[in-house]
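A look at the structure
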Amino acid sequence: VQLVESGGGLVQAGGSLRLSCAASGSTFSINAMGWYRQAPGKRRELVATITRGGGSTTYADSVKGRFTVSTDNAKNTMYLQMNSLKPEDTAVYYCYAAGTVSPGLGYKDWGQGTQVTVSS
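Computed from a predicted model, the values in this text were never measured in an experiment.

1. Examining the nonpolar core
Generally speaking, nonpolar side chains in soluble globular proteins are found buried as a group. Core analysis: the biggest nonpolar cluster contains 29 residues, and Met-33, Trp-35, Leu-80, Met-82 and Tyr-93 have the highest contact counts within it. When contributions to this core are tallied by element, the ones reaching two or more residues are β3 (17-24), β4 (30-38), β5 (45-51), β7 (67-72), β8 (77-82), β9 (91-102) and β11 (114-119).

This is the structure we're talking about:
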């Protein structure tokens, strides 16, 4: 599965951004998708996850109530709506797709990353 991210940029604290992650290839094999982020000098953090069809979502405590993950299955695209952004949300955001090729053989593919910078 190939993933292409878009939507990052520079925004002031309190503002909003929407990230997109467009999937192509063997999208039928995707079981779940999600977003990680990594800030300079910090460990990678799992931000949000969503199961195929959007039936189940999870969020890091640091973004609960501010971020919303969703999918548009017709467009094979996942979104991360980020509201009430804080300077500590500044990071490179990576989307991923996890799935199964065959019984016992799974994969996790990654997007190229998109920079989100929140100014105070």
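Following the structure, the description resumes.
2. Topic: the pairing of β11
Along β11, the buried face is formed by Thr-114, Val-116 and Val-118; none of Gln-115, Thr-117 and Ser-119, which line the opposite face, is buried. As judged from the four bridges shared by strand β2 (residues 9-12) and β11, these two strands associate in the parallel manner. Paired with Val-11 across the two strands is Val-118, which belongs to β11.

3. Side note on the environment of Tyr-94
As for its position among the elements, Tyr-94 is in strand β9. Separated by 17 residues in sequence, Tyr-94 and Gly-111 place their C-alpha atoms 5.7 Å apart. Apart from residues no more than four positions distant in its own chain, Tyr-94 is found in contact with Glu-5, Gly-34, Trp-35, Tyr-36, Trp-110, Gly-111, Gln-112 and Gly-113.

4. Quick look at the sheet that holds β8
Spatially, the four strands line up as an open sheet ordered β1-β3-β8-β7, and their pairing is antiparallel. Sheet topology places β1 (2-6) and β7 at the edges, where each strand pairs with a single neighbour. Strand-to-strand twist of the sheet, defined as the mean angle between neighbouring strand axes without regard to direction, takes the value 15°.

5. Side note on unusual backbone geometry
Positioned with a positive phi, Asn-76 is a non-glycine residue whose angle comes to about 50°. Positionally, Asn-76 belongs in the loop between β7 and β8. Unusually for a residue other than glycine, Ser-84 sits at a positive phi of about 50°. Summarising the element assignment, Ser-84 is placed in the loop between β8 and β9.

6. Side note on the side chain of Glu-5
Tracing the backbone shows Glu-5 in strand β1. Buried and without a salt bridge, Glu-5 has Arg-44 as its closest oppositely charged side chain, separated by 10 Å. From its side chain, Glu-5 meets the backbone nitrogen of Cys-95 in a polar contact 2.8 Å long. Among the polar contacts listed, one links the side chain of Glu-5 to the backbone nitrogen of Gly-113, at a separation of 3.3 Å. If we ignore the near neighbours within four places in the chain, the residues touching Glu-5 are Ser-20, Cys-21, Trp-35, Tyr-93, Tyr-94, Cys-95, Gly-111, Gln-112, Gly-113 and Thr-114.

7. Let's talk about the packing of aromatic side chains
Think of a pair of aromatic rings as described by two things: how far the centres are apart, and how the planes are tilted against each other in angle. Under the counting rule described, the total for this entry stands at three aromatic pairs. Note on Tyr-36 and Trp-110: the rings are 5.3 Å apart at their centroids and 50° apart in plane angle, and the pair reads as tilted. You can see Tyr-36 sitting in strand β4 and its partner Trp-110 sitting in strand β10 (residues 105-110), a full 74 residues away along the chain. Ring geometry for Tyr-96 against Trp-110: centres 5.7 Å apart, planes inclined by 50°, an arrangement best described as tilted. One end of the pair, Tyr-96, is in strand β9; the other, Trp-110, is in strand β10, with 14 residues separating them in the sequence. With relative accessibility at 7%, the residue Tyr-96 sits in the buried group. Aromatic rings pair up to connect Tyr-36, Tyr-96 and Trp-110 into one cluster. Over the aromatic face of Tyr-36 sits the side chain of Arg-44, whose NZ or CZ is 4.5 Å from the ring centroid. A cation sits over an aromatic face here: Lys-108 above Tyr-96, 4.4 Å from the ring centre.

Conventions used here
Residues numbered from 1 in each chain as written. Predicted model: local features only at pLDDT ≥ 70, side-chain atom pairs only at ≥ 80, totals over all residues. Heavy atoms only, no water. Core = buried A, V, L, I, M, F, W, Y, C linked by side-chain atoms within 4.5 Å. Buried < 20%, exposed > 50% of the residue type's maximum accessible area, 1.4 Å probe, protein only. Helix = DSSP H or I, 4+ residues; strand = E, 2+ residues; numbered from the N terminus. Pairing = 2+ DSSP bridges. Contact = heavy atoms within 4.5 Å. Axes fitted to C-alpha atoms, helices over the stretch in contact; angles between N-to-C directions. Lys, Arg positive; Asp, Glu negative; His and termini not counted. Salt bridge = Lys/Arg side-chain N within 4 Å of Asp/Glu carboxyl O. Polar contact = N/O pair within 3.5 Å; in protein donor to acceptor, adjacent residues only side chain to side chain. Phe/Tyr/Trp six-rings, centres within 6.5 Å; stacked < 30°, edge-to-face > 60°. Lys NZ or Arg CZ within 6 Å of the ring centre and 35° of its normal.

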